[in-house]
Each structure stands twice: as C-alpha cells, then as structure tokens.
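Letter by letter, the chains look like this.
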Amino acid sequence: MNLPLSSQIINLLAAMLLLLSFAMLTQRRILSLINLFALQGLTLTLSTLVVAWSTGQHHLYYSAALTFVLKVLILPSVLHRLIRKLSAKWDVETLINIPTTMLVGIALVILAFNVALPISQLAGTITKSTLGIALACVLLAFLTMITRSKAVPQVIGFLAMENGLVFAATSATYGMPMVVEFGIALDVMVGMVILGVFIFQIRERFDSLDIRHLEQLKEE
Amino acid sequence: MNWQIYLVLGTPLLGSILAALWGHKSWAAGLNIAISIGTFIAAAALTAHIISEGPVVTADEQFFVDSLNVFLVALTAFVSMTTSLFSRPYMRIEHAHGKLSDNRLRLFHSMYQLFVFTMLLVLLTNNLGILWVALEAATLTTVLLVSLYRTPASLEAAWKYFILCGVGIAQALFGTILLYSASEKVLGSGGSALLWTHLETVAGSLEPTVMSLAFVFLLVGYGTKVGLVPLHNWLPDAHAEGPTPVSAVLSGLLLNVALYALLRCKVLVDGALRAPFASQLMMGFGLLSVVVAAFFLSRQKDVKRMFAYSSVEHMGLITFAFGMGGPIANFAGLLHMTVHSLTKSAIFFAVGHAAQKAGTQIMDDIRGLMKVSPTVGWGLMLGSIAILGLPPFGVFASEFLILTTAMRLQPWATPFLLVALGVAFAAVFSKVQPMVFGETNARRLPHPPALVPVFAHLAIVLTLGFYIPPYLVDWYREAAKLIG
Amino acid sequence: MISWPGLIAQLTEIVLAVLLAPVLLGWVNQWRAWLQNKSGPGILQPYRTLRKLFAKEAVLAHNASPLFRATPYVLFACMCLAAGIVPTLGTDLPFSPAADAIALVGIFALARVFISLAAMDIGTAFGSLGARREMMVGFLAEPALLMVLFTASLISHSTSLATIVEHLAQMKFVIYPSLAFAGVAFTMVSLAENARIPVDNPSTHLELTMIHEAMVLEYSGRHLALIEWSAALKMFVYSCIGIALFFPFGIPAGGDAFGLLLALPALVAKLAVGGFALALIETLSAKMRIFRAPEYLGTAFLLAVLAMLIHFLLES
C-alpha cells in the first residue's frame, strides 16, 4: 500500500464518516444526534477540502464552503432551535433494539462495499475506494430513518443521507457540476423549511411528534 | 434563440409569484386560469415550432426539445389548464364549506403554478442533474399541496409522501452521480457530461457496469415517483388526502413526468449495455405494478384511493410497454400516457364534485349521482368505462396495442395482464355502478360544478379511440423512435 | 532455534511483567485518586496489599473442591504465559512460535472458565451471579478482541504477535483508518475485560453491579493474593497488547541486549502514559447499568468489524 498522504487522509476521513453514520444509527439522544450530524458535515467539508486541494479542482472549494455553511452552521442551529422550541429533548426511541440495528447496519455496509467494488475499480479518481463508504453512509442513514419513530430524527436521517450523497459525488467524480450542486443545496434548504413547518403542524394536530400516530392511513 | 421555451417556463414561474402576492383575492382563480391558458398557448407555439423545425437545443445547451418531450409538454400544459378551469369552482365550493382559508387558497394557487413550472422544467431541461433538482422541487411543491387541508390525515399523507419520495429521489441522485462518473470519463468533467444531448451521442462508450448499477438506482428513485409497486405506498394516500385538483395533476401529469425521466435514462443505459437489462427491469416492475394494483382495487373504500390504485395499474402498464420496447410498444406506451392522463384527470374532476355532493369520499356513502347531477354521474360513469379500457375509448386502442405486442414479444406476460385487467374491471365497475345509479343522498352545492373539463377530456379520449390524426401518429412514431 | 539473547529476553519479559503489574495497578489507582482530588495510597500499595494477603491464612469453605483451590494457581500461570507471548521488549521470543494471537485469546478464555467455575463452586448466590455476568461479558468481548487481532493480522499477513509487531514497528508512517477503529474497539474491550469502569467498578462491592469482585468473594489469604496479582497481570498484558498493536515503535526486532536496554524505558514510558489514560477514562465516564453492557460490547464488536471491512475496502 503506497498511497500519497492526501489519499490517506481522505481515507481516514471516509472512515470517520462511516463511524459517524454508525454513531447516528445507534444514538439514543436527540441532541447528540444533531451534534453528530454537524460533526458529519464538518468531516465532509474537510474531506472535500482535501480532495479539492490535492486535485486542484477549484469548484470543490465552493462545494466545501456550501457544505460547511449549510450542514455545519445553518441546519444544526435550525435543528437546535427546533428542539428548543418544541422543548423536546426526549430520548429517541428506536423501533428495533440497537444491537439488532447494528447487525443490520454491518450487513448493509458489506452490501454497499460489494456493490461499489466494481465501480471503484473503474473510477479514475484518487478517492475511488471511498465510494463504497459513501454508499454505506447513504444506506445507514436510510436505516437511521426507518428505525426512528419520531419526526425530528427522521429528518436528521434524511439529511445524513444527503451528506452521504455529496460524499459519493466527491469520491466518484470530484463533485457534480456547480449548477447541480447549488440546485441540490437549494432543494435541501427548502425541504428543511417545509419539514420544519410540518413538524409544528404534526405536533399541533397530534399533540406529539411520534410518527406512530401517523398510521391511520393504511389498507384495511 | 428560442423564445417559446422561455415563455413556457416563464409564464408559470411568474404566475406563481403573482399568486403568492395576490392568490387570496377573489379573482385569483381567474388569474390562475389565465396563467394556465397562457402557458398552454406558449406550449402550443413551442409544439408547432418543434413539429415544423425539428429538435431544438438552446440556451447554452441547457434546454433541449425533441418530439418526445414536446409531446409531454403539450399534454402537461393542456391538463394543467383544464385542471385550473376545474379548480376554480371546486376550490370555491371547498372555501364555502369552510375547509380552506384565504391564505390556504393563496398557497394553493402559488404552489400549483410552481408545480407546473417544475414539471415543465423537468421536461425541457437538457441537464440530467437539473432534471433531478426539478423533480425534487416538484415533490416539495406537491407536499405542500397534499397537506393543504392540514387535517391529521392529510398531514400524515404528506409526511409519508415526503419521506418516501425523498428517500426514493435520493437513490435517483446516487444513480445520477454514478451516471456522471461514467460519462465524465468519456466527455470530460464539467458541465457537458450531464447534458443529455451529449450523453446520447456517446452512450455506446459509457462503462456498462457503472451504467447498469446507475440504472438500478435511477429506477428505484424515479420509480418511487412513478408509483411502481413496491414503491407505491405514498401514492394512494397523497391522492386521497390532497385536494382533488392536486390528485388530478398528480395522476395525470407528475407520474408521466417521472416516467419521462426514467425513459431518458433508459435510452442511455440501453446504448451503453447493448443488452435488454433496463427493459427487463422495467417489464418486471411494470407487470408487478399492474397485477398488485389490480388486486388492491377491489379492497378500496375511498373513491380517490381506488382511482389512485388505478393510476398505479396504468403506470405499470405503460412502464411494461416501454420495457418491451420497439416501435409499436413505444407508440402504444405514449398513446396510453396521453389517454390515461386525460381520462384519469377527468375522472378525478368528476369524483371531486361527486365527493363534494355526497360530503364524503367513502364509496358506500356516495349513491345515485345520476339523480342530482346527471352530468357528474355521466362524467364518472363514462370516465370509468374509458379507464377500464372499453371500446370505443382511446384507452382501449392503446391497451389493445400493448396486449397484442405483449402476445408477440413476451407471451408469458399476457395471461397476467389479462387477468389483472379483468380483475380491475370487475372491481372498479362494481363500485362505480351503485355510486352513479340508484337512490341518492347527495346535496346541492353552493357553486355550479365545472364539467367542461371532464367532457372535453373524455371527448378527446373518445376521438383518439376512433381516429388518431395522421400528424399525431407521425409525432408519436417520431417520439417512439427516440425511445428505441 | 532458540537463541540465548532471545531466551534472556523471554525470561526478562515474564519476570518484568510479574514485577511491574502491581506497580501499574498502583499507578492507575494513584492517578485516579489524584484526578478525583484525593491524596491516594501511593503506587506501591498493591504490593503492600499482596504482602498482607500472603501473610494471612487462607480460609476455605467446607464444600470447596480441588478446583476451587487450584484456580488461583491456574489463573496466575495463564497470565504469566500470556505475558510471555506478547512481545514487549523484543520480538525474538522463543515462546512466540508456540502460540499466536488466537491462542492468546484462548488462554484468557481458559482463565475465565476456571474463575467462573470456581466462583460457582461454593454455591453462594453472589458467586453464581458474578460468574454469569463474567461469562456474558466474555462471550461478547472475545469476538471483538479476535476481530481486532484479525485486523492487525490482515495488515501484517500473520497471526503471530511477534511478526505483527515486527511488521508494524518497521513500517514507515502510513495512516491506517482500520487500525484507528481497531484501537478504539480494543480500548473498549480491554476496559470490559479488566473489569474497569464503564462495565464494572473495581473499587466497590455493590452487589447490583459487581462482576469481578462477586466472583472472588469466597477467596482469602494467599489465594486471594494470587487472584489479585493475576488480575493486575491481566491488565498489564492487555496494556502490552495495546502497545504492541498500536504503538509498537521502539520495540526492537530481534532480541539483542542493547535493544533490550533501549526498549525497557520506552515500555515503561508507554505504560505510564497508558495507565494515566486509563485513570482518565475511568474518572470521566460513569458506570453503565449492567444491561447496557451488551450494547457497549456490541459497539466494540461493530467497530472491530468495521475496521476489518475498511481494511478490505481502503487498504488492500
């Protein structure tokens, strides 16, 4: 193994991202979940910066800045405010117990690594081997979403999935074209605002943020 | 320079801003109609231009129009226009019944125009990344539309819709990233590697492994929005709990637009793989959707849910047709897209008024529409007959084409299709018949219902069943050729 | 082929381990006291305790079986053997071909089985309770420990600890994300295995939570002394494994006398830092409920598995 130092750092950051995804998957407390999300955003920013610096892809600097502002500064503070306003510092109940979730998570990681392997071998980027990790992060965030019964953790899972996708974009292709990245960021922002409004309304209607109340609509 | 495209996109965008400012005024519904008519005229101009001049690439290659998407642009503009005509009296009645405040009406008008804008953007953009962004934006606007009543059920439906489609569309983004990583090697990094016109020319040299994986993600992602089983869970809820004009455009337009996104990707994957991988996946998902949705139809109690499942069934049929591929199946698929859009939105118009008259959406409680309002009753009856594929309506023609092609190309699938269509027929007919005929319990409405759109749509569908004008045939053939 | 320097290194290692283990324990306890603003008993306190215990008469229950009596000696022997396998001063160890990393885990398991059987031997409630908890912790910790060792083995292509250390110590600086993960997992496992704070508290006899202390309640005199000494040795060995896997720099390949002399201060320094870190962790964290222990060890296992997966993805 003779990788340049920048690749090694990217690999390390990728591993951190995966670790953070797992931490989010197994986290019970909502505040820690938000902090982990911010930390994930920061790791993502750092890895994008390292990629930008080592490959000389200038648009990645913008992408990193966008990630930093959106995922480290704005969204976590919005989420914190949301939690404060809802005065809801509850523990997050998971629908499946945590050790089982972890095992499922490991299975997903193995799946993601295997799926990404042929593509990594074809990609020409210095970050190619991290594509599997990116996919694993997406899947783990998905798992985080479906194992939570409360609205806010589901939203955080959704945002974490977005993080994984951005990481996938950097690792597979050195980022998408700028116009697309801005579009994605815009969608995330708007989606966040809508969800924020929604969360308040759900609480108003159901007096709770438990998504299990939202099970009236189903096939008889 | 092509001014029609800007007009097509600019009119609804401007409209949404105007509606955001004045959407609560009493004349806002008229404004909504005026903008929609404007959009339709622009779309018609664009269509005429494309038909006479051929495909257009414009605005630094960011927009691209050929006969495939211009046909959908025309359809989208038309149905959104008729829906705006229908929504005027419908929303007035809802307002009079106290279900909506002025502010909600403003939100509705603004989001409706924005939704039309995002759909047109999906159709017209040449950039597969922007396509994704626009489709996600379409999801966001419809989330607000579905939750318009803010009842617990509508909030639940909107939440489910947002989360499911959000997850789905995230998969599509991953697919797009993979697609970009494949194309970047051929086209070089930067803007042009996501432009469809460029991609199409180099489809043969794209890396097959990456492309096949990308298609799996794209199919899951956009397939969620198309409503393919097993990713269809959001669809019945969103249709049942949103306002009826929204159900009409969801079924009639959004599903088509999502399928269009999938088709564009399929062309690339087919080019890269030279194997029927994408086709087989689409046929599999399509057939599954047809069969599952048909069996779910009979179990529905809510009329809008039932017709939502019927949409799943028909989208499955169209996906199956495109999966089979070839000139005839693609032709049939495009025709079915058209007639399904028109018929289903007509049905939702009729169903909307029927539900208002009966004061409920539960089918057992809607009785004898013919007595109080023959027009609504006939609209519902004829619409149901049309959607079930009875001759002489256009749905019969397209379904007949799909079935005969299936017999020729994929004989194994034909029995499933026939059984599913039979089950669907029995289910829908037996439920609609007592709603239309028999004793009534309906009430009078404070405003006259809008029935012109219903019969206009049904008339077109009926005409298409008898006679497809030659220029339309050429147009469909052209578009069918593009899909391959 | 047994070389004289190797034999000397081997013997020095074991003797050193036996002698230094109580000091390490004392060092950790002393730091714990200081960090909690107490004056502390001094780092030689474990020795004083051992001397006191050896001087006392060993009291045995009437129904104690030979197994109960043999266990302290078996335990002590196991830990000495383990100390012989882990390279601390040099890698040219005559014992090392005999037992690799997996055998090392086996030796720990053997010790665990003996002490658990002995704990149940008398038939008191606490003994069985402690034994059950010990087995639960062991059952969850062992796979994690094995995974950590496998990750290191994958990097160096050998399961022999001596070879692993040689490989890792000679390597030029490369970031191994997998080793970082494995390091965290290993720390978690060793805290659990040595009955340290998040899982067990060595300084209380609270029956609701204790594990290790519950098992040795029936022992006294020289038996207890040996058991306490083995526990200290176990901690020492675990620290040495950690050093060998994650901070092997300074352990000389081969076993010449000069290298040995240089390795000794390095080892002591690393152990001192490690002991301080342990005291810090114990001070900063709270003891978990016993029902959370599976989750804690599950996390360790997860990290170790991730380490291995990441090795396959990023480093192969």
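Here, the structure is the one placed above.
Being a predicted model, the structure only gives us computed values, none of them experimental.

Trainee: What's the story with the overall build of chain C in this structure? I'm lost.
Mentor: Each helix and strand counted, chain C has 11 helices and 0 strands in total. Starting at the N terminus and walking to the C terminus, you meet the elements of chain C as α-α-α-α-α-α-α-α-α-α-α. In terms of overall size, chain C behaves like a compact globule, its C-alpha atoms giving a radius of gyration of 19 Å where 316 residues would be expected to give roughly 20 Å. Considered along the principal axes of its C-alpha atoms, chain C spans approximately 55 × 45 × 40 Å.

Trainee: How should the interface of chain A and chain C be read in this particular structure?
Mentor: Interface size is commonly expressed as the accessible surface area that is lost when the partners come together. Counting from both sides, the interface comprises 20 residues of chain A and, opposite them, 17 residues of chain C. Those elements that place two or more of their residues in the side of chain A that touches chain C are helix H1 (5–26), helix H4 (98–122) and helix H5 (131–146) of chain A. Considering each element in turn, the side of chain A that touches chain C owes the most residues, 9 residues, to H1(A). Residues belonging to the side of chain A that touches chain C are distributed by class as follows: 15 nonpolar, 5 polar and no charged.

Trainee: Help me out: how do you make sense of the interface of chain A and chain B in this one?
Mentor: Each side of the interface is counted separately: chain A has 39 residues, and chain B has 38 residues. Elements with a minimum of two residues in the side of chain A that touches chain B: H4, H5, helix H6 (151–173) and helix H7 (178–206) of chain A. When residues of the side of chain A that touches chain B are assigned to their parent elements, the largest contribution, 13 residues, is made by H7(A). Taken together, the residues that form the side of chain A that touches chain B break down as 27 nonpolar, 7 polar and 5 charged.

Trainee: Which parts of the structure should I look at to understand unusual backbone geometry?
Mentor: It is generally the case that most residues other than glycine have a negative phi and that most peptide bonds are trans. Residue Pro230(B) is bonded to the preceding Val229(B) through a cis peptide linkage, with omega at 5°. Residue placement: Pro230(B) occurs in the loop between helix H8 (208–226) and helix H9 (234–241). Cis geometry marks the peptide bond from Pro391(B) to Pro392(B), where omega comes out at 10°. Mapping Pro392(B) onto the fold places it in the loop between helix H15 (374–387) and helix H16 (394–409). A positive phi angle, close to 60°, is found at Asn37(C), a residue other than glycine. With respect to the element layout, Asn37(C) can be found in the loop between helix H1 (4–35) and helix H2 (45–55). On the basis of neighbour count, Asn37(C) is assigned to the exposed category, with 6 C-beta atoms found within 10 Å. Of note in the backbone geometry, His157(C) takes a positive phi value of approximately 60° without being a glycine. Mapped onto the secondary structure, His157(C) falls in the loop between helix H5 (125–156) and helix H6 (161–170). Residue class for His157(C) comes out exposed when judged on the 9 C-beta atoms lying within 10 Å of it.

Trainee: Got a minute to help me understand the arrangement of the chains in this structure?
Mentor: Summarising the chain contacts, 2 pairs of chains touch, and the pair with the most contacts is chains A and B. Over all C-alpha pairs, chain B and chain C never come within contact, reaching a minimum spacing of 18 Å.

Trainee: Would you take a moment to explain the packing of H1(C) against H2(C) for this structure?
Mentor: Any two packed helices are characterised by how steeply their axes cross, that is the angle between the axes, and by the distance between the axes. Residue and element names in this part refer to chain C. Put simply, H1 and H2 touch, their axes get as near as 7 Å, and they point 125° apart. When the axes of H1 and H2 are compared, the pair comes out oblique. Facing Pro22, Leu25, Gly26 and Asn29 of H1, the residues of H2 in contact are Gln45, Pro46, Tyr47 and Leu50. When grouped by side-chain class, the residues that make up the contact of H1 with H2 number 5 nonpolar, 3 polar and no charged.

Trainee: What's the story with the environment of Arg367(B) in this structure? I'm lost.
Mentor: All names here are of chain B. Inspection of the secondary structure puts Arg367 in the loop between helix H13 (326–358) and helix H14 (369–372). When the C-alpha positions of Arg367 and Val210 are compared, they lie 55 Å apart, and in sequence the two are 157 residues distant. Setting aside chain neighbours within four positions, we find Arg367 in contact with Pro434, Met435, Gly438, Glu439, Thr440 and Asn441.

About the criteria used
- Residues numbered from 1 in each chain as written.
- Chains lettered and ligands numbered in written order.
- Predicted model: local features only at pLDDT ≥ 70, side-chain atom pairs only at ≥ 80, totals over all residues.
- Helix = DSSP H or I, 4+ residues; strand = E, 2+ residues; numbered from the N terminus.
- Rg over C-alpha atoms; globule rule 2.2 N^0.38 Å.
- Contact = placed C-beta atoms within 7 Å.
- Nonpolar A, V, L, I, M, F, W, Y, C, P; charged D, E, K, R; others polar.
- Buried ≥ 20, exposed ≤ 12 C-beta atoms within 10 Å, placed from the backbone.
- Axes fitted to C-alpha atoms, helices over the stretch in contact; angles between N-to-C directions.
- Parallel < 35°, antiparallel > 145°, perpendicular 65-115°, else oblique.

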